[in-house]
Amino acid sequence: MKTFVILPTYDEVRNLGPMVEQLLSLPIDDLNLLIIDDNSQDGTGKLADALRDQNPNRVWTMHRPGKMGLGTAYITGFRWAIEHGADSIIQMDADFSHSPAYLPQFISKMDKFDVVVGSRYVPGGKLDPRWSGWRYLLSKWANSIWVRLILGTQVRDATAGFKCWSRRALDRIALGSIRSNGYVFQVEMAYLCEKLGFSILEWPIYFEDRRIGKSKMTVPVKLEAAWRVFEIRLRYGGLKKISRVEYQREPA
Ligand SMILES: Nc1nc2c(ncn2[C@@H]2O[C@H](COP(=O)(O)OP(=O)(O)O)[C@@H](O)[C@H]2O)c(=O)[nH]1
Ligand SMILES: [Mg+2]
């Protein structure tokens, strides 16, 4: 079983080293990393190449000329991983909000599920206690109510960016037709999973605030995401109703 972790980076120079080290020390067979850096200003790209040279045939890098967004980074990474023979593909942030410690559990579920979603909003899921009540409510509302109302989805954490995909699932998604890029990229993919009838496991995670560096997501990006949910509905509204969606919320 070959696994690829796709790590998009933009100005993560202090997170990337420890992240790669932790990922490579996981007890997972044939675990490979692809770092996609968008010409970070802080030297992340150079560090990525150094890590690649230190870990030949385990760490790969891709450099894009400028900040082109998370969605396109993942689409590019998914395609590359499939071409390179991946059986499972993991998408995660490089800032430690998504703990590498969950990976063995996610991968162990790949025989039964098409996608595992690291979820903040299922029982057992937890947000960093440093989140203010207001920030928590807004996020929970956006994920669990707004998106569900507009799209009729079942997923509790619609903008979850921590996922483990089986190759068979990604093979069934027309990656070339995915248009959204920021948070909505996650919503679009989640919606498609349900429309395509994938079996999905929402696995509760503890979502820690990034340890170092700054978030690249701004309030306008978040507001834009809220409106773009309508666009997704318009674009895919014609798709036939879901045939089979099997959500398992908690770890068995
Ligand atoms: N390659 C690439 N990575 C990005 C871009 N925007 C954000 N990232 C990375 O995507 C991950 C999530 O971004 P982050 O700013 O932490 O978003 P937040 O967790 O929603 O605050 C981090 O690893 C970032 O370095 C981008 O435009 N291109
Ligand atoms: Mg983050």
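For clarity, every value in this text was computed on a predicted model and none was experimentally measured.

Enquirer: Residue-level account of the site of ligand 1, with values.
Expert: As a matter of local geometry, ligand 1 sits amid 20 residues, with P8, Y10, A94, S215 and K216 nearest to it. When contributions to the shell around ligand 1 are tallied by element, the ones reaching two or more residues are β1 (3-9), β2 (31-37) and α3 (70-83). Split into classes, the residues belonging to the shell around ligand 1 amount to eight nonpolar, four polar and eight charged.

Enquirer: Residue-level account of the sheet that holds strand β5 (residues 115-119), with values.
Expert: Pairing is mixed in the open sheet, where eight strands are placed in the order β3-β2-β1-β4-β7-β5-β8-β10. Across the chains shown, the open sheet's two edge strands, defined by having one partner strand only, are β3 (59-63) and β10 (246-248). If you compare each strand with its neighbour and ignore which way they point, the axes differ by 20° on average. Pairing between strand β8 (residues 199-204) and β10: three bridges, direction parallel. Counterpart to I200 in the pairing with β10 is Y247. Packed onto the sheet, α3 meets β1, β2, β3 and β4 (88-91) and runs at close to 155° relative to β1.

Enquirer: Any chance you could break down the pairing of strand β7 (residues 163-166) for me, citing the residues and the numbers?
Expert: On β7, burial covers both faces: K163 and W165 on one face and C164 and S166 on the other are all buried. Pairing of β4 with β7, which is carried by four bridges, proceeds in the antiparallel orientation. By the bridge assignment, I90 is partnered in β7 with C164. Pairing of β5 with β7 involves three bridges; the strand directions are antiparallel. Bridging from a neighbouring strand, V116 pairs with C164 of β7.

Enquirer: Provide a residue-level description of the nonpolar core, including the pertinent values.
Expert: Membership of the largest hydrophobic core comes to 65 residues, with the highest contact counts inside it found for V5, I6, L7, I89, V115 and V187. For this core, the element with the most residues is helix α7 (residues 183-195), which contributes eight residues. Residues in contact with V5, not counting those within four places in the same chain, are L23, L31, L33, I90 and M92.

Enquirer: Any details on the packing of α7 against helix α8 (residues 219-236)? Residues and values, ideally.
Expert: The geometry of α7 relative to α8 is characterised by a closest axis approach of 8 Å and an angle of 30° between their N-to-C directions. The angle between α7 and α8 places the two elements in the roughly parallel class. By crossing handedness, the relation of α7 to α8 is classed as right-handed. Counted together, Y183, V184, V187, E188, Y191 and K195 of α7 and V221, K222, A225, R228, V229, I232 and Y236 of α8 form the full contact between these two elements.

About the criteria used
Residues numbered from 1 in each chain as written. Chains lettered and ligands numbered in written order. Predicted model: local features only at pLDDT ≥ 70, side-chain atom pairs only at ≥ 80, totals over all residues. Near = placed C-beta within 6 Å. Helix = DSSP H or I, 4+ residues; strand = E, 2+ residues; numbered from the N terminus. Nonpolar A, V, L, I, M, F, W, Y, C, P; charged D, E, K, R; others polar. Pairing = 2+ DSSP bridges. Axes fitted to C-alpha atoms, helices over the stretch in contact; angles between N-to-C directions. Contact = placed C-beta atoms within 7 Å. Buried ≥ 20, exposed ≤ 12 C-beta atoms within 10 Å, placed from the backbone. Core = buried A, V, L, I, M, F, W, Y, C linked by C-beta atoms within 7 Å. Parallel < 35°, antiparallel > 145°, perpendicular 65-115°, else oblique. Left-handed = near helix turned anticlockwise from the far one by under 90°.

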